[in-house]
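Given next are the chains, with one letter for each unit.
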Amino acid sequence: MRFTGKEALKLDGKLLSPHSMLEFWQYNLSEIYVSMTRGSFATYIVACAMTDNGINEIAEERKGTEPYDIDGPIIMTSEGPRKSRIEVKSTASVNDEKTERVLPDSKLVFSIGEKIDWHSNDKTPRRHNELYVFAHYTSEKIEDKEDILDMKN
């Protein structure tokens, strides 16, 4: 089920206004400088770019436990045609206001090591994706919250 943000919390059918899904998202996900949220944001940006270029549609919902981030174009495999798998990796020179540290580019790391697909019976570690997209947020301005929304950064 995909929420719009307008849904209100309830108790026995009675609305607990003004508490809503939008308020929850603001509380839980609005700090997109933090690593996990920034990673989801990077995945969303790539999905939007693919959609805008007619490559894919943005998934109805993401659970976050899939062995890949985005369904890509159709490819041929030994089992027949299937959607390719894209994984988006994100890193930044600055993380959040609490750490207030800027990392030199030489310390930035992307990991694409082999992993186990917990959705499969085959527990052999491997790379499960055909394409990796590396997103690097380059701004070193901790205080400028608008910069992360500017795709040039």
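Above: the structure in question.
Residues numbered from 1 in each chain as written. Predicted model: local features only at pLDDT ≥ 70, side-chain atom pairs only at ≥ 80, totals over all residues. Heavy atoms only, no water.

1. Remarks on the pairing of strand 1 (residues 8-11)
Taken residue by residue, a regular strand's side chains alternate between the two faces of the sheet. What counts here: A pair of strands counts as paired when DSSP detects no fewer than two bridges linking them. Every helix listed is a DSSP run of H or I at least four residues long, and every strand listed is a run of E at least two residues long, numbered separately from the N terminus.
Where strand 1 lies against strand 2 (residues 14-20), 3 bridges are found, and the strand directions are antiparallel. Each bridged residue has a counterpart across the sheet, and for L11 the counterpart in strand 2 is K14. Counting the residues in the hairpin turn of strand 1 and strand 2 gives 2 residues, including D12, whose phi is positive at 50 degrees.

2. Comments concerning the environment of F110
For clarity, the cut-off: The contact criterion used is simple: two residues touch if any of their non-hydrogen atoms lie within 4.5 Å.
Tracing the sequence through the fold places F110 in the loop between strand 4 (80-92) and strand 5 (131-137). F110 sits 21 residues away from K89 along the chain, and the two C-alpha atoms are 6.5 Å apart. Filtering out sequence-adjacent residues up to four positions away, F110 remains in contact with K89, S90, T91, F134, A135 and H136.

3. A short note on a nonpolar patch on the surface
The condition is simple: Like charges are joined within 9 Å and nonpolar side chains (Val, Leu, Ile, Met, Phe, Trp, Tyr) within 5 Å, but only among residues with over 30% relative accessible area and no salt bridge; these make up the patches. Every accessible area reported is derived by Shrake-Rupley at a probe size of 1.4 Å, with residue values counting cover from the shown protein chains alone. Salt-bridge detection follows one rule: a side-chain nitrogen of Lys or Arg within 4 Å of a carboxyl oxygen of Asp or Glu.
Where nonpolar side chains cluster on the molecular surface, the patch consists of L9, L11 and L16 and spans about 260 Å² of accessible area. Topologically, L11 is positioned in strand 1.

4. Here's the deal with helix 2 (residues 35-52)
To keep things clear, this is the line we draw: Each residue after the first adds 1.5 Å to the expected span of a helix. Burial status follows relative accessibility: with a 1.4 Å probe on protein chains alone, a residue under 20% of its type maximum counts as buried, one over 50% as exposed, and anything between as partly exposed.
Across its 18 residues, helix 2 extends 26 Å between first and last C-alpha, which sits within 8% of the 26 Å expected from 1.5 Å per residue. All buried positions along helix 2 are accounted for by T37, R38, G39, F41, A42, T43, V46, A47, C48 and M50. Where helix 2 is buried, its residues touch helix 1 (21-29), strand 3 (70-77), strand 4 and strand 5. Two residues or fewer past helix 2, G54 is found with a positive phi of approximately 70 degrees.

5. Thoughts on the pattern of salt bridges
Going through the model one piece at a time under the given rule, you end up with 3 salt bridges. K89 is the partner of E87 in a salt bridge, and the nearest nitrogen-oxygen pair spans 3.0 Å. Here E87 matches K89 in class, with each residue buried. A salt bridge links R126 to D122, with the shortest nitrogen-to-oxygen separation between them at 2.7 Å. Classification of R126 as partly exposed rests on a relative accessible area of 35%. On the basis of relative accessible area, D122 is assigned to the partly exposed category, the value being 32%.

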